[in-house]
Amino acid sequence: MSNADIARILERIAIRLDIEGANPFRVRAHKEAARIVSEQGEPMSAMVSREGALEALPGIGKDLAQKIRDLVATGSTPMHDELKARIPDEVVDFTELQGLGPKRVRTLFAELQIRDRAGLEAAAKAGRLKGLPGFGEKVEQNVLKALATASAWSGRVLLARIWPLAHALAERVAAVKGVAQVELAGSFRRRKETVGDLDLLVCGGDAESVMQAFTTHESVTDVLGRGETKSSVRLDTGLQVDLRHVPSESFGAALLYFTGSKEHNIELRRIAIDKGWSLNEYGLTQGEKLLAGRTEEEIYAKLGLDWIAPELREARGEIELARAGTLPKLIELSDLRADLHMHTTRSDGRDSIDAMVEAAIARGHEYIAITEHSKALAMANGFDAARVRKSAIEIEAARGRHKNIHILHGLEVDILADGELDLDDDTLNVLDWVVISIHSAFTQAPEVATARVLRALQNPFVHAMGHPTGRIIGSREPVAFDMEQVAQMAASEGVALEINSAADRLDLSDVNARLARERGCRFVIDTDAHSTNALENLRFGVFQARRAGLTAADVWNTQPWSRFSGSLGARRKAPRKTAAARPASAGKSVATKPAARPAAERTAKKPAAKPPAAKARRNS
DNA sequence: GCCGTTTTCGGCCCGACTGTTTTCAGTCG
């Protein structure tokens, strides 16, 4: 049972408790626990075996720790079984519909015995909802609307997919006369890999004109609400967009507030309260007196904190680092000097070598690697040994045509099901840059998958592991290998883990990259572009890296060519470790070598997995 | 259900908007 599975069950326990009218703080405790579990890099299945490890997590006490242990051991917990027997799954799902919260869902279930979607729709159509307490004509109509919308809307959309439309909406509002500032806040600003809605923040201009411009945008199909300071709309794609018009003296406070995360805000509020102040979207106040509000920086400063980049605002220890002045200096797109994973028409790319190289030059890259597929991916026209040797000549010719960029002769070599690589060592030795990736056998058991990856990582010709977990957001689960062991092996072998910038990969995830960083891994951020356009995606990989707390120093392809090229051959010179080439025996934990860069060397800047001060977060 | 320099009880973040009410509960973020 993965952390995500456990988190989901805890979340549903919380909703069921809420529907039953339980103590709201008990509900919140379960929701908080779900969040904490989902953000742990280490699997719960590993943590349960360490005495007291669960209880050491802030927000997890004796009771929740036991529930997590039950879930790991049996896939369930007695309390959830009892709750499920009383409240069916589909009733829980009702709370996802706009306008239905726990109270109204409770009424539907208790008064009308509605147990599923079909029943809800039938009751609403028959006009049986509007007579219920807390319901009326309008709510009934909204339920029907929400049911129709929900079937067309999966809930979240990839950040990269919404990027252009989000900016178009912002520009539309920015064009209104007198508007001074427009920001896209929310999870969009935190650069989460998917966003559930968009939050626009506007200051300046006439509020009425701003609302008018916003609610009449061509992609708006439904105006959900329209007040003096706030409007909500639904777009034709199903996405909800909220706009808030705020005064300039409150803009920083509003930006902070609506950027979130909710958990980050709650921690900030606690700090304010402890100082006898109050923090809301209008500012930081002491009684009637406004202490700060115009910018985020002044609010953080007043609270005794360094400004925290939005990508880190997830209540994962960033506040303690900000207080201590030890926040990492996050990597930026401009730090990258290369893209080391891309395809051309020679395998399954859409553009030629020359087109890709020219596009890379236009992007300002100092060096790139052309990395076609290997032969296991026959459908992608993967290279065999002979084709690799021919390719070397083609790359050399390309170098002759393009003098103002360094081109590495690379390959994306398949990791076969048993951990063997798809090409032999002699062939790999021809290449300047070897990325290894999983493209098959995605559903192996954890021990098998772990042994497979550990074996592959020990090949001395390998430089990097591409899209390590193989997950596709929304459609394919990550390969179930043990990230802890893989990260330790990658660190000790000096193999970089990729953060793949493809919109639906973003693999490693922020949580995994954070764990890998703590184990001393280095990284590369690549596009895996299959066309010149896709080279633009690098920014999304950088966002993911920032969410993981990575600095430029953590990422190999930020190095200037002279240093990078000098570091490529290091592993090949070392004698081949024959014993290490065998896969570890299934089910047995593999001896973990110390990380290449010991954790202690890096603690000064790294965000702690569990901040030492977190248990006492109400201190200040 | 969690937490603790107020430590085993009594707190736990806060405001806008809607719709159902007739002063406010429910929902949402």
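Residues numbered from 1 in each chain as written. Chains lettered and ligands numbered in written order. Predicted model: local features only at pLDDT ≥ 70, side-chain atom pairs only at ≥ 80, totals over all residues. Heavy atoms only, no water.

Chemist: Help me understand the nonpolar core in this model?
Modeler: The tendency in soluble globular proteins is for nonpolar side chains to be buried as a group. The biggest cluster of nonpolar side chains holds 47 residues, and the ones touching the most others in it are Ile 436, Leu 457, Met 465, Phe 523 and Ile 525. Going through the elements one at a time, β13 (406-414), β14 (433-437), α20 (446-457), α21 (483-493), β16 (496-500), α22 (510-518), β17 (523-526) and α23 (538-547) are the ones with two or more residues in this core. Each residue touching Leu 457, except ones within four places of it in the same chain, is listed here: Ile 436, Met 465, Val 486, Met 489, Ala 490, Glu 493, Val 495 and Arg 571. One finds Leu 159, Ala 166, Phe 214 and Val 220 within the second-largest nonpolar core, a separate group that totals 33 residues. (Core = buried A, V, L, I, M, F, W, Y, C linked by side-chain atoms within 4.5 Å. Buried < 20%, exposed > 50% of the residue type's maximum accessible area, 1.4 Å probe, protein only. Helix = DSSP H or I, 4+ residues; strand = E, 2+ residues; numbered from the N terminus. Contact = heavy atoms within 4.5 Å.)

Chemist: Help me understand the packing of aromatic side chains, please; the structure alone is not making it clear to me.
Modeler: Both the distance between ring centres and the angle between the ring planes are used here to describe each pair of aromatic rings. Applying the stated criterion across every chain, the model contains 11 aromatic pairs. Note on Tyr 367 and Trp 561: the rings are 5.3 Å apart at their centroids and 55° apart in plane angle, and the pair reads as tilted. Taken as a pair, Tyr 367 in strand β12 (residues 367-373) and Trp 561 in helix α24 (residues 561-566) lie far apart in primary sequence, 194 residues in all. Each member of the pair Tyr 367 and Trp 561 is classed as buried. Three or more aromatic residues link up through ring pairs in this structure, and these residues are Tyr 367, Trp 433, Trp 556, Trp 561 and Phe 564. Its guanidinium or amino end placed over the ring of Phe 543, Arg 191 lies 4.7 Å from that ring's centre, counting from NZ or CZ. The ring of Phe 540 carries the charged tip of Arg 539 above its face, separated from the ring centre by 5.9 Å. (Phe/Tyr/Trp six-rings, centres within 6.5 Å; stacked < 30°, edge-to-face > 60°. Lys NZ or Arg CZ within 6 Å of the ring centre and 35° of its normal.)

Chemist: Hey, could you run me through empty space enclosed by the protein in this one?
Modeler: To locate leftover empty space, one rolls a probe as large as a water molecule over the atoms. On inspection of all chains with the given rule, the structure shows 3 cavities of 30 Å³ or more. Of the volumes computed, that of the largest cavity is approximately 50 Å³. Among the elements of the structure, α13 (251-259), α14 (262-274) and β8 (278-280) are those that each provide at least two residues to the lining of the largest cavity. Among the elements that make up the lining of the largest cavity, the one with the highest residue count is α13 (3 residues). (1 Å grid on protein atoms, 1.4 Å probe; cavity = no way out; pocket = protein on both sides within 12 Å on 5 of 7 lines; lining within 4 Å. Points joined across faces, edges and corners; volume = space filled by probe spheres on them.)

Chemist: I'm lost on the pairing of strand β10 (residues 289-292) in this one. Help?
Modeler: In regular strands, side chains alternate between the two faces of the sheet. Two strands pair when backbone bridges link them, and strand β9 (residues 283-286) and β10 are joined in this way by 3 bridges, in the antiparallel orientation. Paired with Gln 286 across the bridge in β10 is Lys 289. The hairpin turn running from β9 into β10, its antiparallel successor, is 2 residues long, and Gly 287 in that turn takes a positive phi close to 60°. (Pairing = 2+ DSSP bridges.)

Chemist: What should I look at first to understand the confidence of the model for chain A in this one?
Modeler: Regions with low pLDDT should not have their predicted coordinates read in detail. With 91% of its residues at a pLDDT of 70 or more, chain A shows a mean pLDDT of 86. When mean pLDDT is compared element by element in chain A, β17 scores highest at 98, while helix α26 (residues 599-602) scores lowest at 34. Confidence drops under pLDDT 50 across residues 577-620; counting only partners more than four residues distant or on other chains, this segment forms 73 contacts. (pLDDT = per-residue confidence, 0-100.)

Chemist: Would you explain helix α17 (residues 353-362) in this entry?
Modeler: Since the α-helix packs 3.6 residues into each turn, any two residues three or four apart lie on the same face. Taken together, the buried positions of α17 are occupied by Ile 353, Met 356, Val 357, Ala 359 and Ala 360. Along the long axis of α17, the arc covered by the buried residues comes to 165°, so they all point the same way. Elements in contact with the buried residues of α17: β12, α18 (385-401) and β13. Two residues or fewer past α17, Gly 364 is found with a positive phi of approximately 90°. (Arc of directions from axis to C-beta.)

Chemist: Would you explain the domain arrangement of chain A in this entry?
Modeler: Reports of interface size often rely on the accessible area that becomes lost once the parts have come together. We note that the domain assignment places domain 1 (3-152), domain 2 (157-245), domain 3 (250-324) and domain 4 (333-572) within chain A. Relative placement of domain 3 and domain 4: their C-alpha centres are 39 Å apart. At the interface, 5 residues of domain 3 touch 7 residues of domain 4. At the boundary of domain 3 with domain 4, total buried surface from both sides reaches about 560 Å², with 40% on carbon and sulfur atoms. When residues of domain 3 are sorted by the area they lose upon contact with domain 4, Glu 311, Leu 312 and Arg 316 head the list and together hold 87% of the total. Taken together, the links from domain 3 to domain 4 amount to 3 salt bridges. For Glu 311, the salt bridge is made with Arg 546, and the minimal N-O distance between the two is 2.6 Å. Inspection of the domain 3/domain 4 interface yields 3 residue pairs in polar contact (both at pLDDT 80 or more). A breakdown of the residues in the side of domain 3 that touches domain 4 according to their chemical character gives 2 nonpolar, no polar and 3 charged. (Domains from an automatic or database assignment. Buried area = accessible area lost by both parts, 1.4 Å probe. Salt bridge = Lys/Arg side-chain N within 4 Å of Asp/Glu carboxyl O. Polar contact = N/O pair within 3.5 Å; in protein donor to acceptor, adjacent residues only side chain to side chain. Nonpolar A, V, L, I, M, F, W, Y, C, P; charged D, E, K, R; others polar.)

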